[in-house]
Amino acid sequence: MEFLDLPPMLSASGRVRLPGSKSISNRTLLLAALAEGATEIRDLLASDDVERMLDALRALGVVWTREGDSDNYCVRGVGGPFPVKVADLFLGNAGTAFRPLTAALALSGGEYRLSGVPRMHERPIGDLIDSLRQIGADVRYMGNDGFPPLHIFPADIRPGGVVRVRGDVSSQFLTALLMALPLSGVETTIEVVGELISKPYIAITLDLMAQFGVDVRRENWERFTVPGGVRYRSPGVVFVEGDASSASYFIAAGAIGGGPVRVEGVGRNSIQGDVRFAEAIAALGARIDMGDNWIEARGPESGRLKAFDLDLNHIPDAAMTLAVAALFADGPCRLRNIASWRVKETDRIAAMAIELRKVGATIEEGADYLCVTPPDKLVPAAIDTYDDHRMAMCFSLVSLGGCRMRINEPKCVNKTFPTYFERFAEIARPVPVVAIDGPSASGKGTVAARVAEALGYHYLDSGSLYRLVALAAMRAGIALDDERALATLAAALPAHFEAERVFLEGEDVSDAIRTEEASVGASKVAVMPAVRAALLDRQRDYRRAPGLVAEGRDMGSVVFPDAGTKVFLTAGVEARARRRYKQLMEKGMAANMESLLKDLQDRDARDAARAVAPLQKLPDAALLDTTELGVEQAVGFVLGRVRS
Ligand SMILES: Nc1ncnc2c1ncn2[C@@H]1O[C@H](COP(=O)(O)OP(=O)(O)OP(=O)(O)O)[C@@H](O)[C@H]1O
Ligand SMILES: Nc1ccn([C@H]2C[C@H](O)[C@@H](COP(=O)(O)O)O2)c(=O)n1
């Protein structure tokens, strides 16, 4: 499985230029295709769902061109129903392509097959088909009744009068009918059955249809009359706004991570309902500023978001971002009227509940609501994404709570925002790590502890963990070549640190792990991949705000490869033997120069030669040879690197 590890983040600030709106992109493409004349589309979203629409339009005989590698396209409209009368279309999991194309094709007088990925075949479409059948369309189910794939046949369309459509499952059914009916040329009224959900998405549809010359008469959100004798006409140029749902992640990042984070491409002039996410998060205490084409978010004055109880029916997609923002609230939060989540890319209520529990939240889940009680402390977790782009993007925000996150199958963001994680990395600042690696007795521990003190950072002596495993194994009678048993021991090592003391099962073993026997043992267990793997997350958990200084052999290469400062600290082997001898003498421990020298040489060789995480100077690490240097000089060197 592919995954992406996000480090714990300290804060978020910066600017993000948003990708184009998916809803506007796919609606505009279809309207431009059906219109008379050519339409220049600027800033079209580059994503999987839009690709599916573009591919389908080409297969249906619509000519479009792209300006070089840009996001600007030109669509030559066909001025009515599609000219290609037989086609087999694969539409992936793109609801914004599947539903509107179904309606437009049902009125195009051809024979078409429409299919998608398995999840698309679980997403209901029966209400739309029922409405289309009311005007004579011949649409048949190829699998389960009420669901794609579909087979459309030429039919005797009888438009006019009143068509009824359910509005309480997906507003896309109404959008699909609205956009297709002008093809019939006859005035038709659509009556919505049940309470219409996601009204702002219908507002986008009506706005874009008006741009293409068709003004729909709306009576409340219950009746929509599409005029007769009208045809779509290209407005010439259409500018696609930035995606307001995608903006929600960055607005939330500013609110959780301090900010300011500014998104560019949507603002108070937006036609997208999801801009109202800004209002919702402002109600939680986030400080929001807005211009015509931008929104900026900062954390609340109080430092903590407020608990909320909100009806989120009007912003179903951006509401997912609030479910994750709830982790940072000062009490239990309730997200209401979100039943449509259950028929999206995945059952989002169920998926959210499962994944929020993984990070420590207490969840109550209902048919159309979710209650999130934030945990006292976030728990690092591997988040499953259910082939749902929004799950991946939402959970990246948990890292802003100083908690490392693994996002499984992160490429699902390609559906709407292929560069999401790159943009997120530009605004999120990881908890800084200073990684100091080097051979035994080179002075890493001494230097790292002083650097940590000077910076006010946490300190990790990773070698002590291998020493603890060796000591615990020797005490438990586990052979030092029994990799499985050693890894099991390492995974549940009953050890803890207090100031500079180390405890094993409550006993102070600070000196016991420093004996030459424990040192040799540590060097042997450290060769084993399973032992190293068992200690990996434990080491990463030391990365906490405001920062970490970590020392060992593989801090910069394996444990914290993204460390901002990497130093390889070394000294000649004789100098190191002398230092170790002096150190042991000062502690009143027995030592012999010759055997110390031999031990160091052997351990150097073992550490450097092992297959997993060998001791090595990385190209991105600064080399510091301390053979002729004092401790203060070495500390000064590292601090200089951190501050440079
Ligand atoms: N320039 C120097 N830099 C760091 N330590 C020095 C230096 N000169 C002498 N020392 C001394 O060397 C001794 C060994 O240092 P330390 O225990 O920090 O090494 P280490 O690399 O952490 O060893 P190990 O990996 O075995 O734990 C300490 O007593 C330290 O004071
Ligand atoms: N990141 C690390 C840290 C230590 N080791 C090994 C190397 C040593 O033989 C042993 C004890 O380390 P020390 O206390 O001397 O730093 O543990 C390692 O492989 N990787």
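Residues numbered from 1 in each chain as written. Chains lettered and ligands numbered in written order. Predicted model: local features only at pLDDT ≥ 70, side-chain atom pairs only at ≥ 80, totals over all residues. Heavy atoms only, no water.

The test is simple: UniProt positions are given in the numbering used here, feature names are shortened, and annotations may be inferred rather than shown by experiment.
The name recorded for the protein chain in an unreviewed UniProt entry is Multifunctional fusion protein, from Aromatoleum diolicum. Taken from UniProt, the Subcellular location (unreviewed entry) comment for the protein chain reads in full: "Cytoplasm". In UniProt, the protein chain has this text filed under Subunit (unreviewed entry): "Monomer."

## Side note on the layout of surface pockets
Put simply, the rule reads: Cavities and pockets were defined on a 1 Å grid built from protein atoms only: a cavity is a group of points that admits a 1.4 Å probe but offers it no way out, a pocket is an open group of points flanked by protein on both sides within 12 Å along at least five of seven lines, and a lining residue is one with an atom within 4 Å of any such point. Grid points are joined across faces, edges and corners, and a volume is the space filled by probe spheres set on the points. Any residue outside Ala, Val, Leu, Ile, Met, Phe, Trp, Tyr, Cys, Pro, Asp, Glu, Lys and Arg is labelled polar, Gly included; the first ten of those are nonpolar and the last four are charged. Domain limits in this description derive from either an automatic procedure or a database domain assignment.
Volume-wise, the second largest pocket comes out at about 550 Å³. Of the residues that constitute the lining of the second largest pocket, the class distribution is 14 nonpolar, three polar and eight charged. Counting contributing residues, the lining of the second largest pocket receives three or more from each of domain 1 (3–17 + 241–429) and domain 3 (433–643).

## A short note on the environment of A499
Using the following cut-off: Labels follow the DSSP assignment, with helices taken as runs of H or I lasting at least four residues and strands as runs of E lasting at least two, numbered in each case from the N terminus. When accessible area is computed with a 1.4 Å probe and restricted to protein chains, residues below 20% of their type maximum are described as buried, those above 50% as exposed, and intermediate ones as partly exposed.
Relative to the helices and strands, A499 resides in the loop between strand 27 (495–498) and strand 28 (501–504). Accessibility expressed as a relative area gives 83% for A499, which makes it exposed. It is 64 Å that separates the C-alpha atoms of A499 and D207, two residues lying 292 residues apart in sequence.

## Considerations on unusual backbone geometry
A cis amide bond links P148 to the next residue, P149, at an omega of 5°. Within the element layout of this structure, P149 appears in the loop between strand 8 (138–141) and strand 9 (150–153). At S198, a residue that is not glycine, the phi angle is positive and equals roughly 50°. With respect to the helices, strands and loops of the structure, S198 is situated in the loop between strand 11 (188–193) and helix 6 (199–211).

## So, the site of ligand 2
Formally: Throughout, near means a residue has at least one heavy atom within 4 Å of the molecule or strand. Counting of polar contacts relies on pairs of N or O atoms within 3.5 Å, with two restrictions inside protein: one atom must be capable of donating a hydrogen and the other of accepting it, and residues adjacent in sequence are counted only when both atoms are side-chain atoms. Throughout, the Shrake-Rupley method with a 1.4 Å probe supplies accessible areas, and for residues the shown protein chains are the sole cover considered.
Taken together, 18 residues are adjacent to ligand 2, and R467, R532, R553, D554 and R610 come closest. Between ligand 2 and S462, the relevant distance is 3.0 Å, taken from a nitrogen atom to a side-chain nitrogen or oxygen of the residue. The side chain of R603 places a nitrogen or oxygen atom 3.1 Å from an oxygen atom of ligand 2. When ligand 2 sits alone it has 440 Å² of accessible area, and the protein chains cover 97% of it. Of all the elements in the fold, those that place two or more residues in the shell around ligand 2 are helix 14 (462–476), helix 16 (516–525) and helix 20 (593–609). Among the elements that make up the shell around ligand 2, the one with the highest residue count is helix 14 (four residues). Each residue belonging to the shell around ligand 2 can be placed in one class, and the counts come to four nonpolar, five polar and nine charged.

## Quick look at the UniProt feature "domain: Cytidylate kinase" (unreviewed entry) in the protein chain
UniProt's entry tags residues 434–640 with the feature "domain: Cytidylate kinase" (unreviewed entry), counted in the numbering of this structure. Across residues 434–640 one finds 50% helix and 16% strand; the C-alpha atoms that close the span lie 12 Å apart.

## Some details on the environment of R52
For the record, the criterion: Two residues form a contact once any of their heavy atoms are found within 4.5 Å.
Here R52 is to be found in helix 2 (residues 48–59). Separated by 15 residues in sequence, R52 and G37 place their C-alpha atoms 23 Å apart. The residues contacting R52, other than those within four sequence positions of it, are F90, L91, G92 and A94. Among the polar contacts made by the side chain of R52, one reaches the side chain of D55 at a distance of 3.3 Å.

## Brief notes about the pattern of salt bridges
Here is the rule we go by: A side-chain nitrogen of Lys or Arg and a carboxyl oxygen of Asp or Glu constitute a salt bridge if their distance falls within 4 Å.
For the structure on display, the rule yields 48 salt bridges. Measuring nitrogen to oxygen at the nearest pair gives 3.0 Å for the salt bridge that ties E2 to K411. Here K411 lies in the loop between strand 23 (405–408) and helix 12 (420–427) and E2 lies in the segment before strand 1 (3–6), a separation of 409 residues in the sequence. Shared partners join several salt bridges into a network, and the residues in it are K22, D49, D317, K344, E345, R348, D388, R390 and K415.

## Quick word on helix 13 (residues 444–455)
Rules: To estimate the expected span of a helix, count its residues, drop one, and scale the result by 1.5 Å. To be clear, the arc concerns the directions from the helix axis to the C-beta atoms.
Here helix 13 contains 12 residues, and its C-alpha end-to-end distance of 16 Å stays within 8% of the 16 Å for a straight helix at 1.5 Å per residue. Taken together, the buried positions of helix 13 are occupied by K444, V447, A448, V451 and A452. Seen end-on, helix 13 carries its buried residues on one side only, within an arc spanning 130°. In this structure, the buried side of helix 13 is in contact with strand 25 (433–437), strand 26 (458–461), strand 30 (548–552), strand 31 (565–570) and helix 21 (631–643).

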